[in-house]
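Listed below, chain by chain, are the residues.
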Amino acid sequence: MDLLSEAITGRLLFAIPKKGRLAEKCLDILAGADIQFSRSHRLDVCLATNHNIALVFLPAADIPSFVGKGDVDLGITGQDVIIEAQMSNLVTETLPLGFGRCKLQVQVPEKGPINTLDDLAGKRIVTSFEVVAAEYFAAVDDRKGLVGDQRTKIQYVGGSVEAACALGLADGIVDLVESGETMRAAGLHAIATVLETEACLIRSSSPKHAHLSPLIDKITSRIAGVVASERYVLCQYNILRDRLHDATEITPGRRAATVSPLDDSDWVAVSAMVEKKKVADVMDRLVAVGAEDVLVIRLQNCRV
Ligand SMILES: Nc1ncnc2c1ncn2[C@@H]1O[C@H](COP(=O)(O)OP(=O)(O)OP(=O)(O)O)[C@@H](O)[C@H]1O
Ligand SMILES: O=P(O)(O)OC[C@H]1O[C@H](OP(=O)(O)OP(=O)(O)O)[C@H](O)[C@@H]1O
């Protein structure tokens, strides 16, 4: 057994995207879950210094099959690549992570004769998602009754998919869209959405190392806390006791709002968790019902 295999034996193997859109956020998640490690230059496997864990840095697209086949116990990757790798039955998505959100869309040149899926059926598609695209267009072809050479041709490319139409390789592409900047810059527009995706924590549906289950549960709960602390803020305010009911309808909290008495018996202080994306609206509404001294506090971490 070589030194590396020996070092990782018995450890929980946790796969993290080594580059690309998900990589940086994953490092933030590891830090938030207090999984400490130091990674030697170019080495894709490293040992956590404070847990019985080895981190394995892999391409996001390879993580579903490593986890699905049980070679790795836990992983972070995109839902899109789980489907593309045909691993949906072999991995369990334990936690959506709230980043890496985008859509897999069918795109065609903005100034061109093709404007619908029916126009595109039977023509040439270029994509990195050949499995998903083939399944999607098979249904379109079936609906149109296309057979043999009439059916849509799907060609795989590993990257820069958006250039395929301009290069004359494709009549349409199937690619990820977030802001739409790449699509617009390439002179394309979307005519259909194949799926929506975000990053998620996954574990094998039939784990090889059952004894690691408690550690997997602990890490999952820590990561859930990190994700929740990104999603929520703590909102605190003072309000006249007789307006409390109106205010707590606006900030009901996750279980219930915390209400504390103030020195002035007509007033109470309220604190409640609020979804970050709704907080500006919540503050407007609180002020409208008479809340004062409204404070919004970022959560460093939490367990909810
Ligand atoms: N523009 C985007 N916005 C949000 N999430 C994205 C975006 N592009 C890709 N993703 C998500 O990130 C995952 C990895 O995609 P990405 O293109 O970063 O990977 P990669 O091919 O490994 O890296 P690179 O593009 O650097 O070669 C995708 O499967 C998808 O879930
Ligand atoms: O809608 P947007 O915000 O422009 O994002 C979409 C782009 O992001 C992804 O590629 P990425 O930039 O990760 O690089 P890649 O083409 O090398 O995969 C995806 O493949 C699109 O090209």
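Keep in mind that this is a model prediction, so the values were computed, not measured.

### Some words on the UniProt feature "domain: ATP phosphoribosyltransferase catalytic" (unreviewed entry) in the protein chain
Next up, step 1: Listed under "domain: ATP phosphoribosyltransferase catalytic" (unreviewed entry) in the UniProt record, and renumbered for this structure, are residues 60–224.
Next up, step 2: Between the first and last C-alpha atoms of residues 60–224 the distance is 20 Å; the span itself is 29% helix and 30% strand.

### With respect to the site of ligand 2
Next up, step 1: Residues in close proximity to ligand 2 include Arg-21, Glu-162, Asp-175, Leu-176, Val-177, Glu-178, Ser-179, Gly-180, Glu-181 and Thr-182, which together make up its full environment.
Next up, step 2: A distance of 3.2 Å separates an oxygen atom of ligand 2 from a polar atom in the side chain of Asp-175.
Next up, step 3: Measuring from an oxygen atom of ligand 2, one finds a backbone N or O atom of Gly-180 at 2.8 Å.
Next up, step 4: Compared with its free state, where it exposes 500 Å², ligand 2 has 67% of that area covered by protein.
Next up, step 5: Top contributing element to the shell around ligand 2 by residue count: strand β9 (residues 172–177), with three residues.
Next up, step 6: Looking at the shell around ligand 2, its residues break down into two nonpolar, three polar and five charged.

### A word on the site of ligand 1
Next up, step 1: Near ligand 1, the surroundings consist of 13 residues, among which Lys-19, Gly-20, Arg-21, Leu-22 and Asp-80 are the closest.
Next up, step 2: For ligand 1, an oxygen atom lies 2.7 Å from a polar atom in the side chain of Lys-19.
Next up, step 3: At 2.8 Å from an oxygen atom of ligand 1 is found a side-chain nitrogen or oxygen belonging to Asp-80.
Next up, step 4: Starting from 620 Å² of accessible surface for ligand 1 in isolation, the protein chains cover 71%.
Next up, step 5: Looking at the shell around ligand 1, its residues break down into five nonpolar, three polar and five charged.
Next up, step 6: Summarising the domain contributions, the shell around ligand 1 has at least three residues from each of domain 1 (3–99 + 199–208) and domain 2 (102–197).

### Section: unusual backbone geometry
Next up, step 1: At Gln-86, a residue that is not glycine, the phi angle is positive and equals roughly 55°.
Next up, step 2: By secondary structure assignment, the location of Gln-86 is in the loop between α4 (79–84) and β5 (91–96).
Next up, step 3: On the basis of relative accessibility, which here comes to 59%, the residue Gln-86 falls in the exposed class.
Next up, step 4: Even without a glycine there, the phi angle at Asp-293 is positive, about 50°.
Next up, step 5: Of note, Asp-293 is situated in strand β15 (residues 292–298).

### Thoughts on the pairing of strand β13 (residues 258–261)
Next up, step 1: The pairing of β13 with strand β14 (residues 267–275) spans four bridges and is classified as antiparallel. Within the sheet, the bridge partner assigned to Pro-261 lies in β14 and is Val-268.
Next up, step 2: Between β13 and the antiparallel strand that follows it, β14, lie five residues.

### Observations regarding the packing of helix α2 (residues 23–32) against helix α8 (residues 213–231)
Two packed helices can be described by the angle between their axes and the distance between those axes.
Next up, step 1: One way to put it is that α2 packs onto α8 with a least axis distance of 9 Å and a crossing angle of 115°. With respect to each other, α2 and α8 are oriented roughly perpendicular. By crossing handedness, the relation of α2 to α8 is classed as right-handed. Contact residues: Lys-25, Ile-29 and Gly-32 in α2; Ile-223, Val-226, Val-227 and Glu-230 in α8.
Next up, step 2: The residue inventory of the contact of α2 with α8, partitioned by class, reads four nonpolar, one polar and two charged.

### Brief notes about the UniProt feature "domain: Histidine biosynthesis HisG C-terminal" (unreviewed entry) in the protein chain
Next up, step 1: Mapped onto this numbering, the UniProt entry gives "domain: Histidine biosynthesis HisG C-terminal" (unreviewed entry) at residues 230–301.
Next up, step 2: Along residues 230–301 one finds 26% helix and 40% strand; the C-alpha atoms at either end are 8 Å apart.

### Some remarks on the domain arrangement of the protein chain
Next up, step 1: Domain boundaries in the protein chain define domain 1 (3–99 + 199–208), domain 2 (102–197) and domain 3 (232–298).
Next up, step 2: With centres defined by C-alpha atoms, the gap from domain 1 to domain 2 works out at 30 Å.
Next up, step 3: When domain 1 packs against domain 2, close to 690 Å² is buried across both sides, 54% of that on carbon and sulfur atoms.
Next up, step 4: Where domain 1 touches domain 2, the interface holds one salt bridge.
Next up, step 5: In this structure, Glu-178 and Arg-21 form a salt bridge, with 3.8 Å as the shortest nitrogen-oxygen distance.
Next up, step 6: Where domain 1 touches domain 2, the interface holds five residue pairs in polar contact (both at pLDDT 80 or more).
Next up, step 7: When residues of the side of domain 1 that touches domain 2 are assigned to their parent elements, the largest contribution, five residues, is made by α4.
Next up, step 8: Here the side of domain 1 that touches domain 2 is composed, by residue class, of two nonpolar, three polar and three charged.

### So, a negative patch on the surface
Next up, step 1: Judged by side-chain charge, Asp-242, Asp-263, Asp-264 and Asp-266 come together as a negatively charged surface patch.
Next up, step 2: With respect to the helices and strands, the residue Asp-242 is situated in the loop between β12 (232–240) and α9 (244–250).
Next up, step 3: Asp-242 sits in the exposed class, given a relative accessible area of 68%.

### Looking at the nonpolar core
Within soluble globular proteins, side chains that are nonpolar generally end up buried alongside one another.
Next up, step 1: Counting 27 residues, the largest nonpolar core has Phe-14, Ile-35, Ile-53, Leu-55, Ile-76, Leu-97 and Ile-223 as its most contacted members.
Next up, step 2: For this core, the elements supplying multiple residues, two or more each, are β1 (12–17), α2, β3 (53–58), β4 (74–78), β11 (199–204) and α8.
Next up, step 3: In terms of residue count, α8 provides more of this core than any other element does, five residues in total.
Next up, step 4: If sequence neighbours within four positions are ignored, Ile-53 has contacts with Arg-11, Leu-12, Phe-14, Ile-35, Cys-46, Leu-47, Ala-48, Leu-215 and Ile-219.

What counts as what
- Numbers given to residues run from 1 along each chain, matching the order in which its sequence is written.
- To read the labels, note that chains go from A and ligands from 1, taken in the order they are written.
- pLDDT decides what is reported in this predicted model: residues at 70 or higher carry local features, side-chain atom pairs at 80 or more are listed and counted, and totals for whole chains, interfaces and linings draw on all residues regardless.
- Side-chain figures throughout are based on the complete set of non-hydrogen atoms in the structure, without hydrogens or water.
- UniProt positions are given in the numbering used here, feature names are shortened, and annotations may be inferred rather than shown by experiment.
- Runs of E in the DSSP output that reach at least two residues are strands. Runs of H or I that reach at least four are helices, and both are numbered from the N terminus.
- Nearness is judged by heavy atoms alone; a residue qualifies as near a molecule or strand once a single heavy atom is within 4 Å of it.
- Counted as a polar contact is a pair of N or O atoms within 3.5 Å, where, for protein atoms, one must be capable of donating a hydrogen and the other of accepting one, and residues adjacent in sequence contribute only when both atoms are in side chains.
- For the area figures, the Shrake-Rupley method with a 1.4 Å probe applies, and any residue is considered shielded solely by the protein chains shown.
- Three categories are distinguished: nonpolar for Ala, Val, Leu, Ile, Met, Phe, Trp, Tyr, Cys and Pro, charged for Asp, Glu, Lys and Arg, and polar for the others, with Gly belonging to the last.
- Segmentation of the chain into domains, including their bounds, is taken from an automatic or database domain assignment.
- Summary of the burial criterion: residues with accessible area below 20% of their type's maximum are buried, those above 50% are exposed, and those between are partly exposed, where the area comes from a 1.4 Å probe applied to protein chains only.
- Two strands are counted as paired when DSSP detects at least two bridges linking them.
- To define axes, lines are fitted to C-alpha atoms, for helices over the stretch in contact only, and angles between the resulting N-to-C directions are given on a 0 to 180 degree scale.
- If an angle is under 35 degrees, it is roughly parallel; if it is over 145, roughly antiparallel; if it lies from 65 to 115, roughly perpendicular; otherwise it is oblique.
- Left-handed describes a crossing whose near helix is turned anticlockwise from the far helix by less than a right angle; the clockwise case is right-handed.
- Contact definition: two residues touch when any of their heavy atoms are within 4.5 Å.
- Put simply, buried area is how much 1.4 Å-probe accessible surface two parts lose in total, over both of them, once they are put together.
- Salt bridge criterion: a side-chain nitrogen from Lys or Arg within 4 Å of a carboxyl oxygen from Asp or Glu.
- In this analysis, a patch consists of residues with relative accessible area above 30% that form no salt bridge, clustered at 9 Å for like charges and at 5 Å for the nonpolar side chains Val, Leu, Ile, Met, Phe, Trp and Tyr.
- Charged residues are defined narrowly, with Lys and Arg counted positive, Asp and Glu counted negative, and His plus the chain ends left uncounted.
- Think of each charge as sitting on NZ of Lys, CZ of Arg, CG of Asp or CD of Glu.
- Among buried residues, the Ala, Val, Leu, Ile, Met, Phe, Trp, Tyr and Cys ones that are joined through side-chain atoms within 4.5 Å form a nonpolar core.

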